[in-house]
Number of protein chains: 2
Amino acid sequence: MTLDLRAHIRNVPGFPKPGIVFKDITTLLQDGSRFQKVVDQLADRYRPKQVDAVVAVDARGFIVGSAVAYALKAGLIPIRKKGKLPWKTHCASYALEYGTDTLEIHQDAFTPGSRILIVDDLLATGGTAEAVVKLVRQLQGQIVGVAFMVELNFLKGRQKLESYGVDVLSLVEYDQE
Amino acid sequence: MTLDLRAHIRNVPGFPKPGIVFKDITTLLQDGSRFQKVVDQLADRYRPKQVDAVVAVDARGFIVGSAVAYALKAGLIPIRKKGKLPWKTHCASYALEYGTDTLEIHQDAFTPGSRILIVDDLLATGGTAEAVVKLVRQLQGQIVGVAFMVELNFLKGRQKLESYGVDVLSLVEYDQE
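Along each chain, the written sequence defines residue order, and numbers are assigned to residues from 1. To label them, take the chains in the order written and letter them from A, then take the ligands in the order written and number them from 1. Predicted model: local features are reported for residues with pLDDT of at least 70 only, side-chain atom pairs are reported and counted for 80 or more only, and whole-chain, interface and lining totals are derived from all residues. Excluded from the side-chain calculation are hydrogens and water; included are all heavy atoms of the structure.

Could you give me a rundown of helix α4 (residues 60-71) of chain A, with the residues and numbers involved?
Every α-helix carries 3.6 residues per turn, so stepping three or four residues along brings you back to the same face. All names here are of chain A. We count a stretch as a helix when DSSP gives it H or I for four or more residues in a row; a strand needs E for two or more, and each element gets its number in order from the N terminus. Multiplying 1.5 Å by the residue count of a helix minus one yields the expected span of that helix. Taking 1.5 Å per residue, 12 residues should reach 16 Å; α4 reaches 18 Å between its end C-alpha atoms and fits that length. Burial of α4 is extensive: 11 of the 12 residues sit out of reach of the surface. Burial here depends on accessible area, computed with a 1.4 Å probe over protein chains only, as a share of the maximum for the residue type. Under 20% is buried, over 50% is exposed, and the range in between is partly exposed. Here α4 has its buried residues at Gly61, Phe62, Ile63, Val64, Gly65, Ser66, Ala67, Val68, Ala69, Tyr70 and Ala71. Phi turns positive one or two residues past the end of α4, at Lys73, with a value near 55°.

Go over the pattern of salt bridges, please, and point to the residues and values.
Residues and elements named next belong to chain B. What makes a salt bridge here is a side-chain nitrogen of Lys or Arg within 4 Å of a carboxyl oxygen of Asp or Glu, nothing more. Within the structure shown, the criterion is met by 18 salt bridges over all chains. Here Arg45 ties to Asp167 by a salt bridge, and the two come within 3.1 Å at their closest N and O atoms. Taken as a pair, Arg45 in helix α3 (residues 32-46) and Asp167 in the loop between α6 (157-162) and β9 (168-174) lie far apart in primary sequence, 122 residues in all. Judged by relative accessible area, which is 36%, Arg45 ranks as partly exposed. One salt bridge in this structure joins Arg158 and Glu173, with 4.0 Å as the shortest N-O distance. With Arg158 in helix α6 and Glu173 in strand β9, this residue pair connects regions lying 15 residues apart in the sequence. Under the relative-accessibility criterion, Glu173 is labelled partly exposed at 34%.

Help me get a handle on the sheet that holds strand β9 (residues 168-174) of chain A, residues and values and all.
By definition, the strands of a sheet pair up through backbone hydrogen bonds, in either a parallel or an antiparallel sense. Residues and elements named next belong to chain A. Any two strands are treated as partners once DSSP identifies two or more bridges connecting them. In spatial order, the strands read β5-β6-β4-β3-β7-β8-β9; together these seven strands make up an open sheet with mixed pairing. What marks the edges here is a single partner per strand, and that holds for β5 (89-95) and β9. Going across the sheet, the axis of each strand differs from the next one's by a mean of 20°, ignoring polarity. With eight bridges joining them, strand β7 (residues 115-123) and strand β8 (residues 142-152) adopt parallel strand pairing. Across the sheet, the residue bridging to Val119 is Ala147, located in β8. A fitted line through C-alpha atoms represents every axis, and for helices the fit uses only the stretch in contact; the resulting angles, taken between N-to-C directions, go from 0 to 180 degrees.

Below is the structure:
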């Protein structure tokens, strides 16, 4: 039987600030059988694409991305907030509501032409994922997909990403806050 | 053939500050076959323990903990830095070189008596893991083990953790910096 993911995602009004309803995936993942199904849904979709490595985004992206990498027998490559990776990096900045933030990838994270699946927990405006797409392309990775657990349709991140010609998948979509 | 983990961990002198030699596990995990072996080594060890959930520590602990949870068909529970979890939490503070830091777990992360495996990337002084042990016990979890990829023996974190009566495992030990 299909797992109703939405029924296990908790709405937390007012987090991280008033007016936002946070989609809390911890209630979905804390159960072993549900966690298995979430990961398998993503892995099954991308298995035919022969993924060399999953690029997962600091920090909630690691929670699903790592297990998807394992299920696909792919490598796991972290993209981290500025200053967290120890070796030589490329970086890309993206806009926040106020100011900017910067993400980094190791310069030797993968070899050119590698088949890369990008995984994060949430697609909102797409600003973070856009920076990740740029970093993967800077290293000449071939992006086979960009996958999310949750997508907030009304913030139109999908349109932003698809303008880069990448394939976007989310397991659960929300039409409104 | 056994994988020589140490050969794939990169030493980065001077990170995050002068005098420290950082053990960079990204070079180990970015290859699919190596990532698989690392996760399997941990999962095989704990499979007989019937783990209900893996508690993984923000953020590098997620990278291995999530895949281990999947391999064990267990749930995945994140312990996060203060202010990152959206719902009601318990918190525990631990000492840093200067000042303190605080970790949080959701109050409903698991039911009392659950069999919990704690996973993080690095055992140094054991301060972080000690705080995690306290949080899991506050929720009345039964700790079946505390597992790390890398252990810095000379910082004696193992002694600190074993004083709580928990079983400690690391895949690679370093005797000196």
